[in-house]
Amino acid sequence: MTMQPKINLSPKVSDEVRRTTCYMCACRCGINVHLKSGSVSYIEGNRDHPVNKGVLCAKGASGIMQVKAPSRLRAPLRRVGPRGSGAFEEISWDEALALAVSWMKPLRETAPEKFAFFTGRDQSQSLTGWWAQAFGTPNYAAHGGFCSVNMAAGGIYTIGGAFWEFGQPDWERTKMFVLFGVAEDHDSNPIKIGLGKLKERGAKVVGINPIRTGYNAVADDWYGITPGTDGLLILSLIHCLLQAGKIDLDYLAQFTNAPLLVIEDGPEKGLILKNAESQSFVIDKRTGAPAPWDGLGVQPDLGAVYQGHRTVFQHMAERYLSPEYAPEAVAERCGIPAARIRSLAAELADVAFNQAIEIDQPWTDFRGNAHATMTGRPVSFHAMRGISAHANGFQTARALHLLQIVLGTVEVPGGYRLKPPYPKPVEAHPTPHFTSAPGKPLSGPHLGYVRGPENLALLPDGSPARIDKAFTWENPLSAHGLMHMLIPNAHAGDPYKIDTLLLYMANMAWNSSMNSAAVMQMLTDKTEDGDYVIPRIIYSDAYASEMVAYADLILPDTTYLERHDCISLLDRPISEPDAAGDSIRWPVVEPDRDVRPFQSVLLDLGARLGLAPMVKEDGSPKFKDYADYIVNHIRRPGVGPLIGFRGDGSAEGRGDANPDQINRYIENGGFYQAHIPPEASFYKPWNARYQDWAVETSLYETPQPYLFTIWSEPLRRFQMAGEGLGAHQPPDHLRAGLMQTMDPLPIWYEPAPEPDYPLHALTQRPMDMYHSWGSQNAWLRQIRGMNYLYLPTKVWQSNGFQAGDYARVSSRNGTIVVPVAHMAALNEHTVWTWNAIGKRKGAWALDEDAPEATEGFLLNHLISELLPDQGDGRRKSNSDPVTGQAAWFDLKVKIERVGPRDEAEPAFGAIPRAVPQGGDRL
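Fair warning: this is a prediction, and the values are worked out from it, not measured in the lab.

**Q** Residues and numbers for the packing of helix α9 (residues 230-244) against helix α12 (residues 327-334), please.
**A** Between two packed helices, what matters for the description is the angle formed by their axes and the separation of those axes. Axis separation between α9 and α12 bottoms out at 10 Å; the angle between their running directions is 160 degrees. Considered as vectors, α9 and α12 are oriented roughly antiparallel to each other. For the pair α9 and α12, the sense of crossing is left-handed. Across the interface between the two elements, Leu-232, Leu-233, Ser-236, His-239 and Cys-240 of α9 pack against Pro-327, Val-330, Arg-333 and Cys-334 of α12. Across the contact of α9 with α12, the residue classes tally to six nonpolar, two polar and one charged.

Have a look at this one:
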């Protein structure tokens, strides 16, 4: 008998394990970081963590390569050559901070609006927004205007919460799960875990996406929809449900504004009818008389007519029962046969109504009515950027929420569940603040949710108060700002010039801009006097991205394993539907370079500038660093960035600062959860126990039950202004657009047609990438080192393409030449590629002949930040006209075969390295 050698299949990989939070995507999974001799040796999932329960994806495991990346910046840098040349000299932190203050302090004392501060995917917007407010500039926003504001605003204005990471299906109970426009990069581990549960139980998964990859590839059914028509499909489904009588009338009557009355005529036509106390009301079925919408025992009548005024429900039914929404009328535009649309509607109705579920859990609603059980309709939906990044994305998001509402599937067992601090009504959010004055802070936060034209960020002469033109008549509900318009507007001096721009993790010279080549030119353009059009640019990042070369001062950040971070309920927490949750990152290793965490640098700058919340009475710094801020900052009495271990360590949600708080989080695996009582788990907007628990846990200051919004008064107020009604009036050239797009009921309108460009062009992020830094990662590059433009069978065959070919792709904005590949599972009018794989030569410390820099490419070069000139000389952004979200996915192109090539175009010159040659390469 031959003896087999004994092999240790589980060798010891570390001598210490530290638990923290991943930063390789937006999931914020728990990770165990293994250290060997003080260096990171291995990263695995934390089995005790509520988000990922030990599951970890390729991105998370490859975080070890981020902390060892050759592209890491090593010291503060001051530009010594022309912008774009990459010519820098290393300087000390004292020099760097003194230089930044010398630029910023005079602006704060004279014209704070000339300082603009915009951040990328930093996940610390609670801090950065608070800092900018203290500085007093109106010009602050983060990444959301690129990718998520339609999802956020569409949800907040309709159900008081959103898709994205702020809610999830009831994975344990749902029987039919429908994904709209979901790529696999966002929330990937929780969705993978959830899909596994659905598959195990035999629940049906439906994917609605022009592209069949990732989640859509494992779906039981796939609808290859034409891009930008999701809203039309959704409204057709609502048409079918109304026609068949398959809607949840009780849910609509009890929990939405469907029974409220709409004024039918007069100067307030289209607003909700109010009583003498300016309160909306319903007609009680029992009496036929007006009654408070929140009155005990009231039975709202959806079909009531009162003094000639009809209910929201009647307006809704009249709108969507119209033949224009019949499947036969929309099928060709959606790219889905009418029979399939009707079949999908029938499946939704069958699961929702014939397979309803019930939980034996008593609860009491906000009216005081007691319920013996919790009834659920086990259909759930999820949506992401695919429906959002269009010029009709806001109304499409609202339409999808309306579909959930008519089925009665939001916040019920088996449906879509919101995560704390949501749900909360739009009235719980601030309105935007923008009035700046020398030496003073803004009176409130920059970003918010407007209620009507009176909340727009306009100066007394009617011009925009913000450099990005957020919260103006052009984009009234721009709750996340318009980051993509920052540099084009600053370059054009429209609405005014700025002096100093501070960017953090915002790669504006490459993949975080539309029209990237033009933006690079804007960053280097000079005036007739020889000065840069944008005089000063300060940039902070951990890596030598394409943007580094265009800055005047570089403040190098740490990697995520070398700093403190706070994933806070004041920002984007890690809550679950049954628990409020937050977490931290902490320095599991110390940096080996002269770098500092940007959040700590920001607090240091604030103290040097004398910003009141960041200095003590004697003028000394109030916070030693970001960790000190996390523990000791008080946002409102008893409420700070973290909800766990407050006061003496036992307080939850509210309590005094606890100097040992971070250590307690570290001991607990880097996170904390405050669990929702069982009787409060569902029906949260209307559940009395949940409302009380939310106050106890610091989510609210007072209970605030509310009705879901089918008919939106804020939208109607803007529509009325377009009609010439009201004290605040828009420019005449915007009236027609306001009347069309600001409809109080969800609508669908087609983006501007481009007949010369017959194909839709899209991007997706793969599951193995998220930040643009992913494609410099030594491990992730082995999965995906280049990208192709994928062509549907019809386009591939009609143009005679062959394997190895390149194609010339043209839009109204420019031309690129790129490698192509054939893909059958793709809408026949659509081409697409993976986003942010292509790099500029010399960036990210990659070799100049790296495939990411030679064969890799971006579609950004084809996308204009402005809509075509209509002959009036006006600069109108290529955005959703409601929210200002960048309309990336409205890109239309034409294509022709080029044949075999060696390199993609455009091929920009190499950026000189901002890190030393021969650094610690892998």
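**Q** If you had to explain the pairing of strand β24 (residues 536-540) to someone new, which residues and values would you point to?
**A** By the criterion of burial, β24 is predominantly enclosed, with four of the five residues buried. Note: β24 against strand β25 (residues 553-554), two bridges, orientation parallel. When the bridges of β25 are listed, Tyr-539 appears paired with Ile-554.

**Q** Kindly report on unusual backbone geometry, identifying the contributing residues and their values.
**A** Cis geometry is found at the peptide bond from Asp-494 to Pro-495, where omega equals 20 degrees. Locating Pro-495 in the fold gives a position in the loop between α16 (486-492) and β23 (500-504). The omega torsion across Glu-905 and Pro-906 is 5 degrees, close enough to zero to call that bond cis. Positionally, Pro-906 belongs in the segment after β34 (892-900). One non-glycine residue, Phe-471, adopts positive backbone phi at about 55 degrees.

**Q** Provide a residue-level description of the pairing of β34, including the pertinent values.
**A** Both strand β29 (residues 759-764) and β34 contribute to a ladder of two bridges, which runs antiparallel. Looking across to β34, one finds that His-760 is bridged to Lys-892. Here six bridges tie strand β31 (residues 805-811) to β34, and the two strands are oriented antiparallel to one another. Each residue of the ladder has a partner; that of Arg-808, found in β34, is Glu-896.

**Q** Explain helix α6 (residues 149-156) residue by residue, including any values.
**A** Among the eight residues in α6, eight count as buried, and that is most of the element. Next to the buried residues of α6 lie α5 (144-147), β21 (379-383), α14 (385-388) and α15 (393-407).

**Q** Run through the pattern of salt bridges, naming residues and quoting values.
**A** Under the definition given, this model contains 49 salt bridges. The partner of Asp-565 in a salt bridge is Arg-585, and the shortest N-O contact between them spans 2.9 Å. One end of the pair, Asp-565, is in strand β26 (residues 565-567); the other, Arg-585, is in strand β27 (residues 579-585), and 20 residues separate them in sequence. With respect to burial, Asp-565 and Arg-585 carry one shared label: buried. Here Glu-701 ties to Arg-636 by a salt bridge, and the two come within 2.5 Å at their closest N and O atoms. Note that Glu-701 is positioned in the loop between α21 (688-696) and α22 (713-722) and Arg-636 in the loop between α19 (626-632) and α20 (661-667), a separation of 65 residues in sequence. Ionic contacts of the salt-bridge type, sharing partners, join the residues Arg-72, Glu-562, Asp-592 and Arg-593 into one network.

**Q** I'd like a description of the sheet that holds strand β5 (residues 88-90), backed by residues and values.
**A** What the seven strands build is an open sheet, ordered β5-β4-β25-β24-β23-β6-β7; its pairing is mixed. Where the open sheet ends on each side, the last strands, each with one partner, are β5 and β7 (140-141). Sheet topology places strand β6 (residues 115-119) next to β23; five bridges connect them, and they run parallel. Each residue of the ladder has a partner; that of Phe-115, found in β23, is Thr-500.

**Q** Give me the lowdown on the packing of α9 against helix α13 (residues 338-354), citing residues and values where you can.
**A** One way to put it is that α9 packs onto α13 with a least axis distance of 9 Å and a crossing angle of 60 degrees. Of the possible angle classes, the one that applies to α9 and α13 is oblique. Viewed along their axes, α9 and α13 form a crossing whose handedness is right-handed. Of α13, the residues touching α9 (which contributes Leu-233, Ser-236, Leu-237, Cys-240, Leu-241 and Gln-243) are Ile-341, Arg-342, Leu-344, Ala-345, Leu-348 and Ala-349. Classifying every residue of the contact of α9 with α13 by side-chain character gives nine nonpolar, two polar and one charged.

Cut-offs applied
- Residues numbered from 1 in each chain as written.
- Predicted model: local features only at pLDDT ≥ 70, side-chain atom pairs only at ≥ 80, totals over all residues.
- Heavy atoms only, no water.
- Axes fitted to C-alpha atoms, helices over the stretch in contact; angles between N-to-C directions.
- Helix = DSSP H or I, 4+ residues; strand = E, 2+ residues; numbered from the N terminus.
- Parallel < 35°, antiparallel > 145°, perpendicular 65-115°, else oblique.
- Left-handed = near helix turned anticlockwise from the far one by under 90°.
- Contact = heavy atoms within 4.5 Å.
- Nonpolar A, V, L, I, M, F, W, Y, C, P; charged D, E, K, R; others polar.
- Buried < 20%, exposed > 50% of the residue type's maximum accessible area, 1.4 Å probe, protein only.
- Pairing = 2+ DSSP bridges.
- Salt bridge = Lys/Arg side-chain N within 4 Å of Asp/Glu carboxyl O.

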